Amino acid sequence: MSIYAYTDFDQTDANDRFRLMGIRARSNNRDGMALRIMADRLAGSPGQTKLLISISDGQPKAMDDYTGNYAIKDMQQTMAEYERKGITFLAAAIGQDKDVINQIYGNERFLDITNLTELPAKLVKIIARYL
């Protein structure tokens, strides 16, 4: 499993916006582990509001042993553990697996971004709930 940091809340700079434009799909996503690593880092940050946004184009799948119900249960257990630590999760999904992502995260934590022109307004509206 790999995590790619395009920007960092500890060290922001003017070029962050350009690096964010380089985000691309990668394979073998072990989503539960990625959520755990990022949520742990966020839990240790000094901010009062801790919102972890996952953007996905597919359901979790890493090799043959991390898929289906096993992967879904792993993600849901991770979210439950870190919600008790004050982390709020939000999933934005596009593509054919968005219904599975909605099932994993639940309606209250899910944002359908099929129409990308609506993304900025939808995202701002959701983030405003937590401020």
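None of these values were measured; they are calculated from a predicted model. (Residues numbered from 1 in each chain as written. Predicted model: local features only at pLDDT ≥ 70, side-chain atom pairs only at ≥ 80, totals over all residues. Heavy atoms only, no water.)

A. Seen up close, helix 3 (residues 68-83). Its 16 residues give helix 3 an end-to-end C-alpha distance of 23 Å, which sits within 8% of 22 Å, the value for a rise of 1.5 Å per residue. Restricting attention to buried positions, one finds in helix 3 the residues Ala71, Ile72, Asp74, Met75, Thr78, Met79 and Tyr82. An end-on view of helix 3 places all buried positions within 160° of arc, on one side of the element. Across from the buried face of helix 3, at angles greater than 90 degrees, the exposed residues are Asn69, Tyr70 and Lys73. Of the surrounding elements, those touching the buried residues of helix 3 are helix 2 (31-43), strand 2 (87-93) and helix 4 (98-105). (Helix = DSSP H or I, 4+ residues; strand = E, 2+ residues; numbered from the N terminus. Expected span 1.5 Å × (residues − 1). Buried < 20%, exposed > 50% of the residue type's maximum accessible area, 1.4 Å probe, protein only. Arc of directions from axis to C-beta. Contact = heavy atoms within 4.5 Å.)

B. Main features of the pairing of strand 1 (residues 50-56). Only one face of strand 1 is buried: it carries Lys50, Leu52, Ser54 and Ser56, and the other face, with Leu51, Ile53 and Ile55, is open. Following the backbone out of strand 1, through helix 3 and into the adjacent parallel strand 2, one traces a crossover that is right-handed. (Right-handed = clockwise from strand over helix to strand, strands pointing away.)

C. Spatial organisation of the sheet that holds strand 1. The sheet built from 3 strands is open, its strands ordered 1-2-3 with parallel pairing. Two strands lie at the open edges of the sheet, namely strand 1 and strand 3 (110-112), each paired on one side alone. Between one strand axis and the next, the sheet turns through 20° on average, direction left out of account. Sheet topology note: the strand 2/strand 3 ladder contains 3 bridges and is parallel. For Ala91, the partnering residue across the bridge sits in strand 3 and is Phe110. Sitting on the sheet, helix 2 touches strand 1 and strand 2, and the angle it makes with strand 1 is about 155°. Each of strand 1, strand 2 and strand 3 is contacted by helix 4, which is oriented at about 165° to strand 2, the strand it contacts most. (Pairing = 2+ DSSP bridges. Axes fitted to C-alpha atoms, helices over the stretch in contact; angles between N-to-C directions.)

D. Focus on a nonpolar patch on the surface. A contiguous nonpolar surface patch, about 310 Å² in accessible area, is contributed by Ile3, Met33, Ile37 and Met38. Within the secondary structure, Met38 sits in helix 2. (Patch = residues over 30% accessible without salt bridge, like charges linked within 9 Å, V, L, I, M, F, W, Y side chains within 5 Å. Areas by Shrake-Rupley, 256 points an atom, 1.4 Å probe, with all protein chains shown as cover. Salt bridge = Lys/Arg side-chain N within 4 Å of Asp/Glu carboxyl O.)

E. Up close: the nonpolar core. Within the largest apolar cluster, 19 residues are counted, with the highest numbers of intra-cluster contacts made by Leu35, Leu52, Ile87, Phe89, Ile101, Ile104 and Tyr105. Of all the elements, helix 3 adds the most residues to this core, at 5 residues. Other than its neighbours up to four places away in sequence, Ile87 contacts Ala39, Leu42, Ala43, Lys50, Leu52 and Tyr82. With 5 residues, the next largest nonpolar core counts Ala92, Leu111, Ile113 and Ile126 among its residues. (Core = buried A, V, L, I, M, F, W, Y, C linked by side-chain atoms within 4.5 Å.)

F. Broad picture of the pairing of strand 2. Counting buried positions over the 7 residues of strand 2 gives 6, a clear majority of the element. In terms of strand pairing, strand 1 meets strand 2 through 7 bridges, oriented parallel. Counted as the bridge partner of Leu51 is Thr88 from strand 2.

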